[in-house]
Every structure is written in structure tokens, then in C-alpha cells.
Amino acid sequence: MNAHPLVRTVTGDLPAAQLGRTDAHEHVFLASPQLAGEEFQDPSKAAEELHLVRASGIDAVVDLTTIGLGRRPADLAAVSAATGVHVVAATGYHRDAHYRGDHWVQRATREQLLRAVVADVRDGMDASDWTSPFRETSPARAGIIKAGASYQRISRGERLRLEVCVEAAVTTGVALAVHTEVGTAGPDVLDVAEAGGLPASRVLLAHLDRNPDVEAHADLVQRGAVLVYDTVGRIKYRPDSVLLDLCEQMLERGHGASIVLGTDVGRRSMLRSHGGGPGMDVLGREFLPRLRRRVGEHAVTRLLVDTPARFLALQGDAP
Ligand SMILES: [Zn+2]
């Protein structure tokens, strides 16, 4: 661990201690064929949403939009600067369902997949989000790598891309986040990471709260993984009280250093700036006051500040 660890944000590398209260799974911009009609690409709406996030007491968001799903690097940096919300952006590749069969991501070689991810972290995200045949570097660098798995399994294509993302995480020193379907396949994801030389402690498993099983979660964190409970405010899945119970039980078991929080608003209809809900600010606005009443300020600070800062810190001498 570096004495003064840095976190890579879209506006530059920031001392981890300055990151502040962090929402660990968001999408500032997104467009996916899997979510047709739910894309959001408007920079002024994004700024409006981040202003609400800021007003709810959140200082930083981790944007887990992957390559080819509507990342807008220049707009992301501009919106972050305009709102004062730190943004850690992702590179990497989502699960199969988010890419059409003819998308280059589905056909690329291991080397091609790896080159794009490492370039996004080291040199700056591609300005066209790798849609143009001409590489054009933006000044905004990615600070986390994301991969995705299917329900209960990792497909062949997902395994290749996960292995690539693991290698890129080892090479660059940034952390890896992995989408799980309804919280499944976590142990398999950790097996792939470890086989590639990435310790489980550098892996963030997303959507584990879709399967609020304390014992299964305890097994994953005992292997070293960090879990993001990122369906806050998604009442169609379960009441938030279930998520509050889950946080409380994990804290009681001593796993406060392995849990972070987010809302993962991945649809336009979930954004207040587009007239929807619950909004990206639901975490600070509604959930955190309830969590504070349950577990106290100190525990909330661990999930919201300490663990994200530790996990997102660049490892080694990342350039
Ligand atoms: Zn997401």
C-alpha cells in the first residue's frame, strides 16, 4: 500500500483521503441495446442529477458504464467539474446481453480487448467510446475496470473478457468490479480473478443484495472480496428494510470493511432529472438516514468513505 494512495478520477488523480462519501455503483451516461428506450446521454440532465447527488451529501460516484455502452468521457469530466462530484469512470466489458452479436466486442481477440482497456486507464478513455475506427484519446482516464457474468454462469465470451479485465487490473493497478446476475456466480468470478493473479481483495462484486443471503456473503468476504449493495431504492426487488437488515447483519458479523453502497440507476425512468425515480440521490436522500438510525454514523462512514477509498486506491506504481 502506498503511503499516499491515489484514486483515478475523470478530472485527475486524487488523494484517496479526499474522495469522501462515495456511491460505488452509478451510471452518469448509459445506452445499451439491452435497455432500449431507457438510454440517457444528455449532459445537462446528467449535471442536474449529479447536483441532486451532491445535495444529498454524496461527494463521489463510481460510474460503472463499460466500453460501448454510451460512455461520454469529455462530458463526464465536464459534468464532474461543474457539479463538484468526483467521478471514477470504468472501462472493461459488460456481460454478453449488452452487446449485439455483430458488435466488435463479441469478435475481438484477447489482445485487442486488452489493449483498449489498458489504454483507457493509462492514456485516457477513447473519446468515441471505441466506436470510431480512429483512436482518439480523451484526457479523462478510467479508474476502475468492469466485467460481467450471466445468471449462475460465466459464458465463454464473458470468461474471455473477464480474464482480460483481470489481466488489465493486474497490469494497471486499478480495481476490478464485476456485474453478477441476481448475486450469482460470485465464487466463480473470484476463481477466475485469483487464477489470473488478482487477489479477491481487488474484486468488487455488484448486485449481491439481489440475493440477500448473509451466509453466502460472509463466504465471499472471507475470501477477501468487497461487495457493493447497489439496489437501494429498487422497491420492485424488495423493500429497503431488507437491505437495511442485510447491512446490519454484515456489520454485526464484523464485515464492515467489505461492504460499499450504491444505487445503480441504469435506466432513464429511474432518474429524477428525466422525471423518473427513485433518482441517483436516493442513497443519500432516503437510505443513509435510515441506515444511520440503525447502525450509527461510525459504521456508515466505513461503508461510505473508508472502504471505497481503500478499494479504489491505485496499487503499485500505476502510471
Ligand atoms: Zn450498473
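Conventions adopted
- Residues numbered from 1 in each chain as written.
- Predicted model: local features only at pLDDT ≥ 70, side-chain atom pairs only at ≥ 80, totals over all residues.
- Heavy atoms only, no water.
- Axes fitted to C-alpha atoms, helices over the stretch in contact; angles between N-to-C directions.
- Helix = DSSP H or I, 4+ residues; strand = E, 2+ residues; numbered from the N terminus.
- Parallel < 35°, antiparallel > 145°, perpendicular 65-115°, else oblique.
- Left-handed = near helix turned anticlockwise from the far one by under 90°.
- Contact = heavy atoms within 4.5 Å.
- Nonpolar A, V, L, I, M, F, W, Y, C, P; charged D, E, K, R; others polar.
- Salt bridge = Lys/Arg side-chain N within 4 Å of Asp/Glu carboxyl O.
- Buried < 20%, exposed > 50% of the residue type's maximum accessible area, 1.4 Å probe, protein only.
- 1 Å grid on protein atoms, 1.4 Å probe; cavity = no way out; pocket = protein on both sides within 12 Å on 5 of 7 lines; lining within 4 Å.
- Points joined across faces, edges and corners; volume = space filled by probe spheres on them.
- Expected span 1.5 Å × (residues − 1).
- Phe/Tyr/Trp six-rings, centres within 6.5 Å; stacked < 30°, edge-to-face > 60°.
- Lys NZ or Arg CZ within 6 Å of the ring centre and 35° of its normal.
- Core = buried A, V, L, I, M, F, W, Y, C linked by side-chain atoms within 4.5 Å.
- Pairing = 2+ DSSP bridges.
- Right-handed = clockwise from strand over helix to strand, strands pointing away.
- Lys, Arg positive; Asp, Glu negative; His and termini not counted.
- Polar contact = N/O pair within 3.5 Å; in protein donor to acceptor, adjacent residues only side chain to side chain.

A.B. asks: Tell me about the packing of helix α4 (residues 110-122) against helix α5 (residues 156-172), and please be specific about residues and values.
C.D. replies: Any two packed helices are characterised by the angle at which their axes cross and by the distance between the axes. Where α4 contacts α5, the axes come no closer than 9 Å and their chain directions differ by 40°. Our classification of the angle between α4 and α5 gives oblique. In the packing of α4 onto α5, the handedness of the crossing is right-handed. Of α5, the residues touching α4 (which contributes Arg110, Leu113, Leu114, Val117, Val118, Val121 and Arg122) are Leu160, Arg161, Glu163, Val164, Glu167, Ala168, Thr171 and Thr172. Looking at the contact of α4 with α5 residue by residue, the classes come out as 8 nonpolar, 2 polar and 5 charged.

A.B. asks: So what's going on with the packing of helix α8 (residues 240-252) against helix α9 (residues 282-295)? Residues and values would help.
C.D. replies: Relative to each other, α8 and α9 sit at 40°, their axes nearing to 10 Å. One element, α8, and the other, α9, form an angle in the oblique class. Regarding α8 and α9, the two cross each other, and that crossing is right-handed. Listed contacts from α9 to Asp240, Ser241, Leu243, Leu244, Asp245, Cys247, Glu248 and Leu251 of α8 are Phe287, Arg290, Leu291, Arg294 and Val295. Partitioned by chemical class, the residues of the contact of α8 with α9 number 7 nonpolar, 1 polar and 5 charged.

A.B. asks: Just give me the short version of the pattern of salt bridges, but keep the residues and values in it.
C.D. replies: For the structure on display, the rule yields 23 salt bridges. The salt bridge partner of Arg141 is Asp13, with a shortest N-O separation of 3.6 Å. Of this pair, Arg141 sits in the loop between α4 and β6 (144-148) while Asp13 sits in strand β2 (residues 12-15), and the two are 128 residues apart along the sequence. With its nearest N and O atoms 2.6 Å apart, the salt bridge here joins Arg161 to Asp96. Of this pair, Arg161 sits in helix α5 while Asp96 sits in the loop between β5 (86-92) and α3 (104-107), and the two are 65 residues apart along the sequence. Here Arg161 falls in the buried class, since its relative accessible area comes to 3%. Residues joined by salt bridges that share partners form a network here, namely Arg71, Asp120, Asp126, Asp129 and Arg135.

A.B. asks: Summarise the layout of surface pockets; cite the residues concerned and give the values.
C.D. replies: The method is simple in principle: a probe with the dimensions of a water molecule rolls over the atoms, and the space it marks as empty is what remains. Its volume calculated, the largest pocket comes out at about 500 Å³. What lines the largest pocket is a set of 28 residues, among which His179, Arg234, Tyr237, Asp264 and Arg267 lie closest to the centre. Taken together, the residues of the lining of the largest pocket break down into 7 nonpolar, 13 polar and 8 charged. Space inside the second largest pocket adds up to approximately 150 Å³. Ranked by the residues each element gives to the lining of the second largest pocket, the list is headed by α4, at 3 residues. A per-class count over the lining of the second largest pocket returns 3 nonpolar, 2 polar and 1 charged.

A.B. asks: Can you lay out α5 for me, pointing to particular residues and giving the numbers?
C.D. replies: In this model α5 runs 24 Å from its N-terminal to its C-terminal C-alpha over 17 residues, within 8% of the 24 Å that 1.5 Å per residue would give. Considering only its buried residues, α5 is in contact with β5, α3, α4, β6, β7 (175-179) and α6 (186-195). Count one or two residues on from α5 and you reach Gly173, which has phi positive near 90°.

A.B. asks: Could you give an account of the packing of aromatic side chains, naming the residues involved and the relevant values?
C.D. replies: By the definition in use, this model includes 1 aromatic pair. Seen in terms of ring centroids, Tyr93 and Trp104 are 6.2 Å apart; in terms of plane orientation they differ by 85°. Their pairing is edge-to-face. Separated by 11 residues along the polypeptide, Tyr93 in the loop between β5 and α3 and Trp104 in helix α3 bring together distant segments of the chain. Since its relative accessible area comes to 0%, Tyr93 is described here as buried. Over the face of the ring belonging to Phe29 we find Arg72, whose NZ or CZ atom lies 5.7 Å from the ring centre. Against the face of Phe311 rests Arg202, its NZ or CZ located 5.5 Å from the ring centre.

A.B. asks: Got a sec to walk through the nonpolar core? Specific residues and values, please.
C.D. replies: Ranked by size, the top nonpolar core spans 86 residues in total, and within it Tyr93, Leu176, Leu205, Leu227 and Tyr229 carry the most contacts. In terms of residues, this core owes the most to one element, α4, which gives 7 residues. Ala24, Ala206, Phe311 and Leu312 belong to the second-largest nonpolar core, a separate cluster that totals 21 residues.

A.B. asks: Explain the pairing of strand β3 (residues 22-26) to me, and be specific about the residues and the numbers.
C.D. replies: With respect to burial, β3 is a largely interior element, 5 of its 5 residues being buried. Taken together, the 3 bridges between β3 and strand β4 (residues 60-63) define a ladder with parallel strand orientation. Following the sheet pairing, Asp23 is matched in β4 by Val61. Each parallel crossover has a hand, and the one from β3 via helix α1 (residues 43-55) to β4 is right-handed.

A.B. asks: Please provide a residue-by-residue account of the side chain of Asp63, values included.
C.D. replies: When you line up the elements, Asp63 lands in strand β4. Despite its burial, Asp63 pairs with no opposite charge, the nearest such side chain being Lys146 at 7.7 Å. Among the polar contacts listed, one links the side chain of Asp63 to the side chain of Thr65, at a separation of 2.8 Å. Those residues in contact with Asp63 that sit more than four places away from it in its chain are Glu26, His27, Val28, Phe29, Leu76, Val87, Val88, Ala89 and Ala90.

So, to be careful, I would describe these as geometric facts and stop short of saying anything about function.
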